[in-house]
Each structure stands twice: as C-alpha cells, then as structure tokens.
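Listed below, chain by chain, are the residues.
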Amino acid sequence: MSEDQTAAPCCGTAQAAEQASACCDPGAKTAAATAGASCCGPSNVSATDDDTAAAQTAEAARRVDGPHPIVVIGAGPVGLAAAAHLHERGLPFTVLEAGPSAGAAVAEWGHVRLFSPWRYNVDHAARRLLEAAGWADPDPDVLPTGADLVEAYLQPLAKLPQLAPHVRYDAPVSAIGRVGVDRVKTAGRENAPFVVRLATGQDVLAAAVIDASGTWRTPNVLGANGLPAHGETDPQTATLINGALPDVLGADRDRFAGRHTVVVGAGHSAANTLLALAELVEQEPGTTITWATRGGSIDRAIGGGDADALPGRGALGTGIKLLVDTDRVQLVTGFAVHAVTTVNGHAELTAADGRTLTADRIVAATGFRPDHTIAAELRLDLDPALGCTRTLAPLIDPNEHSCGTVRPHGVDELTQPEPGYFAVGMKSYGRAPTFLMATGYEQVRSITAALAGDWTAARDVQLDLPETGVCSATQGYKALLDDATARYGLAPDIPNQLISAALRHLPTAGTVAAATRAAADELGIDPDIALQLAALAGNQFDTTSQDTADAGLPRAELGLVTVSSGGGCCG
C-alpha cells in the first residue's frame, strides 16, 4: 500500500474503510478497529470480542510495508516454511539461524526415523519453490530419517535463490525488544519496530517476528518436580547424562556398548532409545538396560492398543512390554528422581522415596520445554501450565488431548498481546508433546497470510492428514523393523514370516515371548534376535481375528481425512 494510504483517515464507517482496503491515521484506525474494521486489508469476519487481537495483528501487517523485514528465528522445517510463504506473499524477510547450516538442530537427531512419510513433511509453499527449480521429489510414502529431511529437503530449500540471500547462519538471537520502549511503556508501542539482538551484540530491526527456534536446546530436567535433580547440573555428573535420542547404534555407540544405561522417561523418545539399546545388547556383551518411569505403572506408556487415542502409543507399548517381559529391559516404576551424584565414576540416581539406581550412563528422555527468555521484554500472555498462548492451551493440553484430538489452528490462536510477535512450531506448544510438523506448516501459512492482510486465507485453517494420524507408530516401527532386519543381515521377508509363525504358536505357547522363541526355532533364527524383531513388530500381536493374525497384518490401516478448523487433527 502507498504512503498516502497509510496517512489517510478512515473512509467514513468501518464497513466503508473495510471495502476500500483503507488504512487510517492512528486515532481513526483505533476507532475503526474497535468498530470491526481491519483497516489494512479485507476481512469478512464480523466484529467479535476476538477482533481486538486481530486488529493488533493487522497493525503488524501495516508495518510490513515499512523499511524493515519480518524476522524469522530458526532455519528448521517450520522456519524455512515461513520464509517460503513470506516470499510467495511478497513480504521482505530475514531468517536468523543459530547453527552453521539449515536444519542444524534436526541434524543432531539425524539417525532417528520419522513416523510420518515424506508427503506430510514438505510444506506446500516450499514444495512449489523447489519443484519450480527442478527438485526431485522424494517418494511420498517413504519415511525419512532426520538426516534425510535435512539433506533432501531443508538444505536444497535454503539454497534456493529466493531464500538463500535472506538466511543468516551462526546468528543466535539473545533478546527481542522494541525500539525506544521497554515492556512497561504503552504509548507508541505498536508503531515501534522490533529490535532483534544477536549474541554478537548486533541489532536487527524487524516489522514482525516469527519465532521458530524450537525446543531442542531446552530439554526437560531429570528432577520429577520440574526442577533439576540435586547434583544434575554438577559438571562431573553432567558428563554421564545424555539428552533424548542419542545415536546408540551409531555415533554414540561407544558410550553405551558394554555398559549399564538407565533410561528415564515414558514417551516415544524413551521407547526409541530402549529399542536401540535392546539391539545393542545383542551386539555388545555386557550391555544392560534399566527403564525408570515416574509413574507407578507403564500403562500410560504402553497405551490401549486400538482403543488408545494415540494409536502409535499402543503399537509402541506392545513392543516395549515384550522387552520388559523377557527381562531384556529391567523396569523400575514410581522412580521420581530427586538427586544424581557421581560415585567412583558411576552415576547414582536417588528417588524421592530413597531408592537408588547405579548406572554408567543416563539418558534423560523427559521431553522438552520452551525458553521464552529472549522475549522477556515483550508482552506475552502465556498459559501458566504449558507456556503457550492461553487460547491454544486448552486445545493441546496433554492431560486432555493426544495429537489425534488437536484441531488445526493459526494466527488467532497464536496471537500475543505483543502485536506482530508469534512463537510457532514446537515452541508454540510449550510443554505439550503433541506437536506435529504439518501443524507447524499450517501455523506459518496462516500467520503470513495475516501479515499480508489476507484474513480470509489466514482463518481458513485446514490439514489433510491420515485418519489414524501421522503420529501413528504403525508405519514408523515397520520402517525401524526393516532397518533392524538389514543390520542383522536377514532377508526382508523374515519379519513377516517370524510374526506369522509366532501368531500360530501363540495359542499353545501362552505368551508372546514363548511364541516368538518357538517361531525362531522353526525358522532357524537366533531367538534373541527374533525377540528384538518381535519388539519392533509388537503391534502385530494385537490382532482381532485369526485371519488378520495369519496374514501378519497390523490391526489398523491408514486412511485419509480432511480436517478443517472445527475438527481434530493428527499429522
């Protein structure tokens, strides 16, 4: 829009201003926004109590036409998706990445295979840019690893001429403020550009800020009360503690081979590590595993099979339970970590009830939390429990929701009292573990549409995802099973033969472990390797009929459903 439009008064009524796409002078603009006009582009939404937040965001959109770009923090999947959408909208932008290359954080868990196939891991705007440049689209049904995501998608995207000049690496952000005003001052605040301060001390001015910095650098602590366990941060003790998702079978192998590891946590990260360690047990003598959970049982981790709101948890849990039942993993429940100390080179964990565990290594698979420190001078209204926006909190509360019941959301749910600042992606979910990559893509599509003044597109929030969810472990653990089969040097069809034979033996064997050993003997497979494969294929033992069992098929098959703003999503 032109400079004279920016300075013009509103065109009569709020409705007239709306139809004329007119911007107002500051006083008239406030009055028109109160009456229901967006004042900076069309909006077909009638005046409601929520329009106050919308008007604040529209003010940020007006500033985009000024001399300053929109700053995106983070060049991961969601940050680069934001950049792609900003480019398509013709909005100036700068991406600030703390690491040396695109997807630097993802590369640190590059050995981990995603539970969602390529079709759900590529943002639509990013795909359009890549395909126009001749990008070879990966097989949409293949499940990539984190390394695949970086090498085949994020790095090619960041190198495109439309994005590359606007991405700065080794540029960690230390703070965000406003030019000339602190958090207390209100007058003139909405018109002041953002100041994004880098760790080098350089200030970058911004019309708006999209914070896609994630939570990878801020894991949850071992302490059961949310505080670090006593001694957890001691430098000597800290050297014996690994964060979530270590590369047990690869780069970190020497840390765990022939040693006793205690895995603390009960989510997908813990399960991935337990399964990898169980495989290492077969390869490296002396390797032992203890699984410590805060809860008094592992019912929550194991889930309820098909009845579970998070289908992947049931499939995953069956395999982990098999490891426990066969004593390949020693389970300790109700272990609320109170202290961690170093004794003769070993780590000793003490629970609140006085019990102790001794380990060579500890894996803290306790989840992640957001760090809002950089936004301390901004006006944020955060949910006291989760640390996300108050509007989003009830939609993603893990006490009430899995990813299968979180509906799509966008600018309205992510708007803060600080107009023009948005936390997106994993960070937007606070401490809730239900975030999905495809959801982050839709978040930034909605926000960039709002910043461009296109409120119709901003509020048309939709996702096209599998009915049982991209979060389902069915495909993910099938891929892990294929990986393990290859590492053991077995034929690709061995797992299907093994499970089919085990299901035939199950009625007489009585337990999955005994049935698996009988099947291994029948097929001439090492029984310990067979148990490891059976753990990865655990969901296939949860069958509803002998026909399904004989076919060696999982109970649930993925279907597609389109979910709009009024429904749930799981992607």
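It should be emphasised that the depicted structure is a prediction, and the values quoted were computed from it without experimental measurement. (Residues numbered from 1 in each chain as written. Predicted model: local features only at pLDDT ≥ 70, side-chain atom pairs only at ≥ 80, totals over all residues. Heavy atoms only, no water.)

## Considerations on the overall build of the protein chain
Helices and strands together make up the secondary structure of the protein chain, namely 22 helices and 18 strands. Counting all 571 residues of the protein chain, 53% fall into the buried class. Carbon together with sulfur atoms contributes 52% to the accessible area of the protein chain, which is approximately 23100 Å² in total. (Helix = DSSP H or I, 4+ residues; strand = E, 2+ residues; numbered from the N terminus. Buried < 20%, exposed > 50% of the residue type's maximum accessible area, 1.4 Å probe, protein only. Areas by Shrake-Rupley, 256 points an atom, 1.4 Å probe, with all protein chains shown as cover.)

## Some remarks on the sheet that holds strand 14 (residues 356-359)
Backbone-to-backbone hydrogen bonds pair the strands of a sheet. The strands run either parallel or antiparallel. On the basis of which strands lie adjacent, the open sheet formed by 3 strands has the order 12-13-14 and antiparallel pairing. Both outer strands of the open sheet, strand 12 (337-343) and strand 14, are each paired with one neighbouring strand and no more. Taken over all neighbouring pairs, the strand axes of this sheet differ in orientation by 20° on average, direction set aside. With 6 bridges joining them, strand 12 and strand 13 (residues 346-351) adopt antiparallel strand pairing. Opposite V343, over in strand 13, you have H346 as the bridge partner. (Pairing = 2+ DSSP bridges. Axes fitted to C-alpha atoms, helices over the stretch in contact; angles between N-to-C directions.)

## Digging into the packing of helix 20 (residues 512-523) against helix 21 (residues 527-536)
Between helix 20 and helix 21, whose axes approach to 9 Å, the crossing angle comes to 125°. Overall, the two elements helix 20 and helix 21 adopt an arrangement that is oblique. As helix 20 packs across helix 21, the resulting crossing turns out to be right-handed. Residues A513, T516, R517 and A520 of helix 20 lie in contact with helix 21, whose contacting residues are P527, A530, L531 and A534. (Parallel < 35°, antiparallel > 145°, perpendicular 65-115°, else oblique. Left-handed = near helix turned anticlockwise from the far one by under 90°. Contact = heavy atoms within 4.5 Å.)

## Quick notes on the sheet that holds strand 9 (residues 260-264)
Spatially, 8-15-9-10-11 is the arrangement adopted by the 5 strands of the open sheet, whose pairing is parallel. Bordering the open sheet on either side are strand 8 (241-242) and strand 11 (330-332), each of which pairs with just one other strand. Where strand 8 meets strand 15 (residues 361-364), 2 bridges bridge the pair, whose relative direction is parallel. Residue pairing for strand 15: N242 is matched across the bridge by V363.

## Overview of the pairing of strand 13
Side-chain alternation along strand 13 places A347, L349 and A351 on a buried face and H346, E348 and T350 on a face that remains uncovered. Hairpin connection of strand 12 to strand 13: 2 residues between the antiparallel strands, including N344 at a positive phi of 55°. Sheet topology note: the strand 13/strand 14 ladder contains 4 bridges and is antiparallel. Looking across to strand 14, one finds that T350 is bridged to T356. The turn linking strand 13 back onto strand 14 is made up of 4 residues, and G354 within it adopts a positive phi angle of 95°.

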